[in-house]
Amino acid sequence: MTITPPALSVFESLESEVRSYCRGWPAVFDRAQGARLTDEDGHSYLDFFAGAGSLNYGHNNPVLKRALIDYIERDGITHALDMATTAKRAFLETFENVILRPRDLPYKVMFPGPTGTNAVESALKLARKVKGRESVVSFTNAFHGMSLGSLAVTGNAFKRAGAGIPLVHGTPMPFDNYFDGTVPDFLWFERLLEDQGSGLNKPAAVIVETVQGEGGINVARAEWLRALQDLCHRQDMLLIVDDIQMGCGRTGGFFSFEEAGIVPDIVTLSKSISGYGLPMSLCLFKGELDIWEPGEHNGTFRGNNPAFVTAAATLDAYWADGQMEKQTLARGEQVEQTLLAICAEEATAQFRGRGLVWGLEFTDPARASAVCARAFELGLLLETSGPQSEVVKLLPPLTVTPEELDEGLRTLARCVRETA
């Protein structure tokens, strides 16, 4: 089956040129369930993007949909700023009992607003407030959001240029394996910290992704993350883990840093924390860091109660018994075996990933875009990542069935062959 793109009419005539995903997937989507979307013409698409990681449990998950419908039908609160509500209480109690307490994580919970970048902004503000310093260290190829503070700790030159003003108080350092193993970990970073002539202002914090999603599926080793935490402790810097895309089970454990055995000072969550794709984000931090004044950071839509309802239902349904992590790791092995076979036949490709986030990188960046374009024609939604869009990014729902996963992987292999 080859899909013919429709005329998009009002989208092209009225909507801003800033739109992006729709350019690679020129269809008018109408319905979605599980791992599949359907367009207005009845064509079905297997979704290996999952709302950029916002739909870890699939589209219109029936368990979460039922909880949401029941809540709306009983006239449950929709918008509540930061007022206390039964929906918020249920989420907080569930989050504490299912996620925080079993992992012995000492975090307070802040609702900073509905978007991931707002969670990052609140994390940066808090770190600077606690330490009384301005500088924050980030890493090469990092992505932390599109608002100004988040852009200042983002690596991508194209995204940074969109700010239109100088982006200050952020200092980039090499991510894990940036020098292909030829330079000892943190040699440059620690030298700058200890040299009084380096010109590096003492940082308040370091912000890191354990797997860089937009940066090209760059996976930090557990030992690198442990060494980073140790460096932060020795140098009196807070460690912020941005788990917006890689948290909520994407790499296996609920938090992507669990495998490394670290406990960050601050953690940001968004995307799939609501479970249903509803806007919601969290900033988690150790209790002793909670020095906010009331109202010092707020937002009109931080009290999205329908998102609290689906978030609590998600934790009860998928994280109370430990099975989701095992399933994700098993599905990840299925992906890894296929990528091994693809790279055995394709000398210009290599792959990397964890859990159910994987990247297939090509020497020729145009090849990745060609693979994704052909995949769309065959009914599979894939996106690129990396500084040159050289990586095909695989981000299927965690609830994808083995059969659906196999179907998508067979399509991917076909696209790689056909674009050679």
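Residues numbered from 1 in each chain as written. Predicted model: local features only at pLDDT ≥ 70, side-chain atom pairs only at ≥ 80, totals over all residues. Heavy atoms only, no water.

Remarks on the environment of Leu-187
Logical step 1: Along the chain, the position of Leu-187 falls in helix H9 (residues 187-194).
Logical step 2: When its relative accessible area of 39% is taken as the criterion, Leu-187 is described as partly exposed.
Logical step 3: Each C-alpha atom of the pair Leu-187 and Arg-331 lies 37 Å from the other, and the pair is 144 residues apart in sequence. (Helix = DSSP H or I, 4+ residues; strand = E, 2+ residues; numbered from the N terminus. Buried < 20%, exposed > 50% of the residue type's maximum accessible area, 1.4 Å probe, protein only.)

A word on the confidence of the model for the chain
Logical step 1: Here the chain averages 96 in pLDDT, and 98% of its residues register 70 or above.
Logical step 2: Across the chain, the element-wise mean pLDDT spans from 92 in helix H1 (residues 10-14) up to 99 in strand S10 (residues 238-242). (pLDDT = per-residue confidence, 0-100.)

Quick word on the pattern of salt bridges
Logical step 1: Scanning all chains against the criterion turns up 26 salt bridges.
Logical step 2: The shortest N-O distance in the salt bridge between Arg-31 and Asp-30 comes to 3.8 Å. The two residues Arg-31 and Asp-30 agree in class, both being exposed.
Logical step 3: The shortest N-O distance in the salt bridge between Glu-418 and Arg-374 comes to 2.6 Å. A residue pair is termed long-range when its members are at least 10 positions apart, and Glu-418 in helix H14 (residues 402-418) and Arg-374 in helix H13 (residues 365-377) qualify at 44 residues. (Salt bridge = Lys/Arg side-chain N within 4 Å of Asp/Glu carboxyl O.)

Quick notes on the sheet that holds strand S3 (residues 44-47)
Logical step 1: Overall, mixed pairing links the four strands, which are arranged S1-S2-S3-S15 in an open sheet. Lying at the two open borders of the sheet, with one neighbouring strand each, are strand S1 (29-33) and strand S15 (380-381).
Logical step 2: Pairing analysis gives four bridges linking S1 to strand S2 (residues 36-39), with the strands arranged antiparallel. Its bridge partner lying in S2, Phe-29 is registered against Asp-39. (Pairing = 2+ DSSP bridges.)

Some remarks on helix H10 (residues 222-234)
Side chains of residues three or four places apart in an α-helix project in the same direction, reflecting 3.6 residues per turn.
Logical step 1: With 13 residues, H10 should cover 18 Å at 1.5 Å per step; its first-to-last C-alpha distance of 19 Å lies within 8% of that length.
Logical step 2: In this structure, the buried residues of H10 make contact with strand S5 (136-139), H9, strand S7 (205-208) and S10.
Logical step 3: Backbone geometry just after H10 places Asp-236 at a positive phi near 60 degrees. (Expected span 1.5 Å × (residues − 1). Contact = heavy atoms within 4.5 Å.)

Observations regarding the sheet that holds strand S12 (residues 282-286)
Logical step 1: Reading across the sheet, the seven strands line up as S4-S12-S11-S10-S7-S5-S6 and stay open at both edges, with mixed pairing between neighbours. Taken across any chain shown, the strands that pair with only one partner, and hence form the sheet edges, are strand S4 (107-110) and strand S6 (170-173). Taking the axes of each pair of neighbouring strands and ignoring which way they run, one obtains an average angle of 25 degrees across the sheet.
Logical step 2: Sheet topology note: the strand S11 (residues 266-269)/S12 ladder contains four bridges and is antiparallel. What sits directly across from Thr-268, in S12, is Cys-283. (Axes fitted to C-alpha atoms, helices over the stretch in contact; angles between N-to-C directions.)

Focus on the packing of H13 against H14
Logical step 1: For the pair H13 and H14, interaxial distance at closest approach is 9 Å and the crossing angle is 125 degrees. Between H13 and H14, the angle falls in the class oblique. At the point where H13 passes H14, the crossing takes the right-handed sense. Here Arg-367, Val-371, Arg-374 and Ala-375 of H13 come into contact with H14, specifically with Leu-412, Arg-414, Cys-415, Val-416 and Glu-418.
Logical step 2: The residue makeup of the contact of H13 with H14, split by class, is five nonpolar, no polar and four charged. (Parallel < 35°, antiparallel > 145°, perpendicular 65-115°, else oblique. Left-handed = near helix turned anticlockwise from the far one by under 90°. Nonpolar A, V, L, I, M, F, W, Y, C, P; charged D, E, K, R; others polar.)

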